[in-house]
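Spelled out from the first residue to the last, the chains are:
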Amino acid sequence: LVGGDGPGRSAHPAAGLSPEPVDPTPLRVTELFCGIGGLAAALPPDAQVLAVDQSELARQSYAHNFGHTPKAWNIAGLKSIPSSDLLWLSPPCQPYTQRGEQRDLADKRSAALLRVCALIPQARPRFVGLENVPQFEGSEGHARFLDALQGYQIWQGVLCPSQLGVPNRRRRFYVLASQGGAVPEPVFAPESLRLSLYLDPHPDPALFLSNEDTTRLLGVLPIIALDQSTETFTSGYGRSLLKAGSLLRSADGRVRRFSPQEILRLHGFPEDFELAPGLDLVKQYKLVGNSLSVPVVRALLKALGID
């Protein structure tokens, strides 16, 4: 279904479900709303992935790193979900956030989630995973998703990379569902990691705020020191200095934005991960701000027996 096997991940075949246990048969994954590939970065190297996202920029960055290009399917119009061992989805969060007016299923961006919910009982993948903002918990969308998972064993909860020792607060709500028995509580083995380990050795001078902006906004800017953790980076980080993520006070006292590569490190992407070439900073920040936390997803997959 996805043309061309590439390094790190192979294309998703149309074969039937793997017998138990999952190993040693390569895991077959359908990854909806894949973004730049946070799930793909957490999966075993031999996983066979069919990825779907409507963002051309996200598809370009995904293909640049994983060797195959996600489909641009309209998820709200899917006829079926390809046969898979694992179905993972990170549907739009705007219907559940304050900036998105919290319209829940009345928001037209919920149509894709509703379509997936309608198709899960037909597809019946062995495992299902979902990621969204904490406000998704208790919503109508959450209730509809749980209805689609009848017959599955379910674990759900809010997790943060800081629980793994990563100096980044990014609380997200996760649902794991399994047909193969109860889903154990994800195991976190935190170790304290310093923010300095994630920083560029020679930050781009363009990241630094002017002294005028720093002085004018000093009381409201979300500035952190080198011994603190970053707050959640959003897709608007490149457009706004407020409520979009942390700024850093450097050792010399100057204040700057974090670079896209630094945010990717804080999200757990490998050092050789690269966004598609030629993107301006605003587009880079939008892509990384929408991404998953790779270490958290890896811990969740391990709870399902996938590692």
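In what follows, the structure referred to is the one given above.
Reading the values: the criteria
Residues numbered from 1 in each chain as written. Predicted model: local features only at pLDDT ≥ 70, side-chain atom pairs only at ≥ 80, totals over all residues. Heavy atoms only, no water. Core = buried A, V, L, I, M, F, W, Y, C linked by side-chain atoms within 4.5 Å. Buried < 20%, exposed > 50% of the residue type's maximum accessible area, 1.4 Å probe, protein only. Helix = DSSP H or I, 4+ residues; strand = E, 2+ residues; numbered from the N terminus. Salt bridge = Lys/Arg side-chain N within 4 Å of Asp/Glu carboxyl O. Arc of directions from axis to C-beta. Polar contact = N/O pair within 3.5 Å; in protein donor to acceptor, adjacent residues only side chain to side chain. Patch = residues over 30% accessible without salt bridge, like charges linked within 9 Å, V, L, I, M, F, W, Y side chains within 5 Å. Areas by Shrake-Rupley, 256 points an atom, 1.4 Å probe, with all protein chains shown as cover. Lys, Arg positive; Asp, Glu negative; His and termini not counted. Charge placed at Lys NZ, Arg CZ, Asp CG, Glu CD. Pairing = 2+ DSSP bridges. Axes fitted to C-alpha atoms, helices over the stretch in contact; angles between N-to-C directions. Parallel < 35°, antiparallel > 145°, perpendicular 65-115°, else oblique. Left-handed = near helix turned anticlockwise from the far one by under 90°. Contact = heavy atoms within 4.5 Å. Nonpolar A, V, L, I, M, F, W, Y, C, P; charged D, E, K, R; others polar. Expected span 1.5 Å × (residues − 1). Disulfide = S-S within 2.5 Å.

Draft legend 1. Expanded view of the nonpolar core. Core analysis: the biggest nonpolar cluster contains 63 residues, and Leu-43 and Phe-258 have the highest contact counts within it. No other element matches the seven residues that helix 8 (residues 294-303) contributes to this core. Judged by nonpolar contacts, the second largest core, of 28 residues, contains Cys-117, Leu-119, Phe-136 and Val-175.

Draft legend 2. Spatial organisation of the pattern of salt bridges. A full pass over the atoms with the stated rule returns nine salt bridges. Among the ionic pairs, Arg-256 bridges to Glu-262, the shortest N-O distance being 2.8 Å. Assessed through its relative accessible area of 2%, Arg-256 is described here as buried. Within the structure, one salt-bridge network assembled from shared partners comprises Asp-200, Arg-265 and Glu-271.

Draft legend 3. Representation of helix 4 (residues 140-148) within the structure. When helix 4 is considered as a whole, its buried residues turn out to be Gly-141, His-142, Phe-145 and Ala-148. One side of helix 4 holds all its buried residues, which, seen down the axis, span an arc of 120°. In this structure Ser-139 caps helix 4, since a side-chain oxygen of it lies 3.4 Å from the backbone nitrogen of Gly-141.

Draft legend 4. Here's a closer look at a positive patch on the surface. On the surface, a cluster of positive charge is contributed by Arg-99, Arg-239, Lys-243 and Lys-286. Looking at the element boundaries, Arg-239 is found in the loop between strand 8 (223-224) and strand 9 (247-249). With a relative accessible area of 58%, Arg-239 lands in the exposed category.

Draft legend 5. Focus on the pairing of strand 7 (residues 172-178). Extensive coverage of strand 7 is indicated by the burial of seven of its seven residues. On strand 7, burial covers both faces: Arg-172, Tyr-174, Leu-176 and Ser-178 on one face and Phe-173, Val-175 and Ala-177 on the other are all buried. Direction of pairing for strand 6 (residues 153-159) relative to strand 7: antiparallel, over a ladder of seven bridges. Bridge pairing in strand 7 places Ile-154 opposite Ala-177.

Draft legend 6. Spatial organisation of the packing of helix 3 (residues 111-123) against helix 4. One way to put it is that helix 3 packs onto helix 4 with a least axis distance of 8 Å and a crossing angle of 15°. In terms of orientation, helix 3 and helix 4 fall into the roughly parallel class. Crossing geometry of helix 3 relative to helix 4 is assigned as left-handed. Contacts between helix 3 and helix 4 involve Leu-113, Leu-114, Cys-117, Ile-120 and Pro-121 from the first element and Gly-141, Arg-144, Phe-145 and Ala-148 from the second. Of the residues belonging to the contact of helix 3 with helix 4, the class tally is seven nonpolar, one polar and one charged.

Draft legend 7. Focus on helix 3. Its 13 residues place the ends of helix 3 18 Å apart at the C-alpha level, agreeing with the 18 Å of an ideal helix rising 1.5 Å per residue. Every buried residue of helix 3 is accounted for by Ala-112, Leu-113, Val-116, Cys-117, Leu-119 and Ile-120. Residues of helix 3 that are buried in the fold lie against strand 2 (28-32), strand 4 (86-89), strand 5 (127-132) and helix 4. Once helix 3 finishes, Arg-124 follows within two positions and takes phi at roughly 50°, a positive value.

Draft legend 8. Highlighting the state of the cysteines. Scanning the entire structure with this criterion turns up zero disulfides. Cys-34 forms no disulfide, and the closest cysteine sulfur to it belongs to Cys-93, at a distance of 16 Å. Left without a disulfide partner, Cys-117 is nearest to the cysteine sulfur of Cys-93, which lies 16 Å away. Taking relative accessible area as the criterion, Cys-117 reaches 7% and is therefore assigned buried.

Draft legend 9. Looking closely at the environment of Ala-106. With respect to the helices and strands, Ala-106 occurs in the loop between strand 4 and helix 3. Looking at Ala-106, the relative accessible area reads 52%, which means it is exposed.

Draft legend 10. Up close: the sheet that holds strand 9. Within the open sheet, the three strands sit side by side as 8-9-10. Their pairing is mixed. Each edge of the sheet is formed by a strand with only one pairing partner; in this case those strands are strand 8 and strand 10 (255-257). Across three bridges, strand 9 lies against strand 10 in antiparallel orientation. Following the sheet pairing, Leu-247 is matched in strand 10 by Arg-257.

Draft legend 11. Region of the structure containing the pairing of strand 4. Alternating residues of strand 4 divide into Leu-86 and Trp-88 and Leu-87 and Leu-89, and every residue in both groups is buried. Two strands pair when backbone bridges link them, and strand 2 and strand 4 are joined in this way by four bridges, in the parallel orientation. Its bridge partner lying in strand 4, Glu-31 is registered against Trp-88. Inspection of the sheet shows strand 4 paired to strand 5 by four bridges, in the parallel sense. Within strand 5, the residue paired with Leu-87 across the bridge is Val-128.

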